[in-house]
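# Overview (structure and organization)
Each chain is listed here by its residues.
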Amino acid sequence: MPEEKPTEPKTLTLKPGTLWSTVQKTTEHALQCGALQPIATEYEFVEQDGIRFLVRIVSNLDRKAKAKKQQQKKKADFNPFLPYEEDLFVADISDTHLCLLNKFNVVDYHLLIVTREYEDQDNWLTLSDFQAMWTGLAEIDGLAFYNGGKIAGASQRHKHLQLVPLPLTPEKPKLPIEPAIASANFQGSIGTIPSFPFVHALTRFDPSWIDSPDIAAKATLDAYHRLLEAVGKPYEGIKQSAPYNLLATREWMLLVPRSQEEFESISVNSLGFAGALLVRNSQQMQSLKDVGPLTILKHVSN
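Let me begin by describing the structure that accompanies this report. What you are looking at is a predicted structure, and each value in this text was computed from that prediction instead of being measured.

### Considering helix α3 (residues 127–139)
- For α3, built from 13 residues, the straight-helix expectation of 18 Å at 1.5 Å per residue is met to within 8% by its first-to-last C-alpha distance of 19 Å.
- Every buried residue of α3 is accounted for by S128, D129, F130, A132, M133, W134, T135, G136 and L137.

Put into structure tokens, the structure is as follows:
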């Protein structure tokens with residue numbers, strides 16, 4: 001028998017300049033075949049302390065809840081990312097991470113940046129995580145975020161960052177907390193926002209980093225460690241010492257420690273601290289208006 005030739009190794013590096021067009025093509029395909037199942041919402045703005053919070057009312061979460069129940073029936077540790085649903089696959093974003101569409105998306109073109117091998121969502125973020133994040137941000141002007149653990153809003157245990165394009169709505173600003181970010185007071189490289197009534201830490205990024213994701217990743221890892229130190233959650237070991245939310249754009253990164261997952265059944269993840277909240281019905285919307293969005297964020301953070 002002739003000797004079998006080895007197969008060529010798969011190219012894992014994303015071709016520069018192709019991510020956004022690939023996202024659009026994959027989204028069109030996934031919608032046509034039914035793999036992508038967007039959740040319809042209506043929205044309105046609720047203002048508190050100068051921040052116009054974008055609050056979405058979800059019309060139907062039944063499909064997502066049903067899918068989660070089916071996952072739980074398969075086995076307790078079922079992992080939707082191993083293997084991932086091929087119709088939702090966008091690109092191999094690096095040799096350690098791949099990019100998928102979020103199956104039950106509320107925001108258009110909502111991406112998941114997932115580790116190729118299993119890592120726990122409770123692990124600290126690493127250089128390779130930030131390299132993957134910056135590969136995405138270099139091509140998509142968006143908000144990257146990480147829900148560090150279940151209490152911070154993570155729905156899957158397999159480590160994944162997320163990326164949503166900006167603006168979140170046609171109305172300005174492109175991100176509701178932009179005016180608050182602009183008001184930050186800095187001591188050295190660490191800033192705090194006067195209107196935020198909860199523990200947090202902010203740092204600014206060099207705008208040129210989008211041209212050098214590797215340089216950006218190394219600097220971002222250092223900044224991440226400084227933010228953790230600033231909020232009293234120093235980087236030690238492999239596992240995180242407490243739940244937290246991390247948000248990053250091309251211009252800045254914000255870290256908020258968490259103490260609970262929800263307030264009066266209103267769940268909060270990283271997007272809440274970006275000024276975008278989600279409620280299930282008109283009763284929750286009224287509760288949010290009565291209490292105030294910033295007050296809710298205070299209750300679920302440290």
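### So, helix α1 (residues 19–33)
- Between its first and last C-alpha atoms α1 spans 21 Å; for 15 residues at 1.5 Å apiece the expected length is 21 Å, and the two agree.
- Listed as buried for α1 are L19, V23, T26, T27 and A30. Considered in projection along α1, the buried side chains sweep an arc of 110 degrees and stay on one side of the axis. Facing away from the buried side of α1 by more than 90 degrees, the exposed set consists of K25 and Q32.
- The secondary structure elements touched by the buried residues of α1 are β3 (89–91), β4 (97–101), β5 (111–115) and α3.

### Points about the pairing of β4
- With five of five residues buried, β4 lies mostly within the body of the structure.
- Across the two faces of β4 the burial is the same, with H97, C99 and L101 and L98 and L100 all buried.
- Relative to β4, β3 runs antiparallel, the two being bridged by two bridges. Each bridged residue has a counterpart across the sheet, and for A91 the counterpart in β4 is C99.
- Here β3 hands over to β4 after five residues, the two strands then running antiparallel side by side.
- For β4 and β5, the ladder comprises five bridges, and the chain directions are antiparallel. Paired with C99 across the strands is I113, a residue of β5.

Definitions and cut-offs
Residues numbered from 1 in each chain as written. Predicted model: local features only at pLDDT ≥ 70, side-chain atom pairs only at ≥ 80, totals over all residues. Heavy atoms only, no water. Helix = DSSP H or I, 4+ residues; strand = E, 2+ residues; numbered from the N terminus. Expected span 1.5 Å × (residues − 1). Buried < 20%, exposed > 50% of the residue type's maximum accessible area, 1.4 Å probe, protein only. Arc of directions from axis to C-beta. Contact = heavy atoms within 4.5 Å. Pairing = 2+ DSSP bridges.

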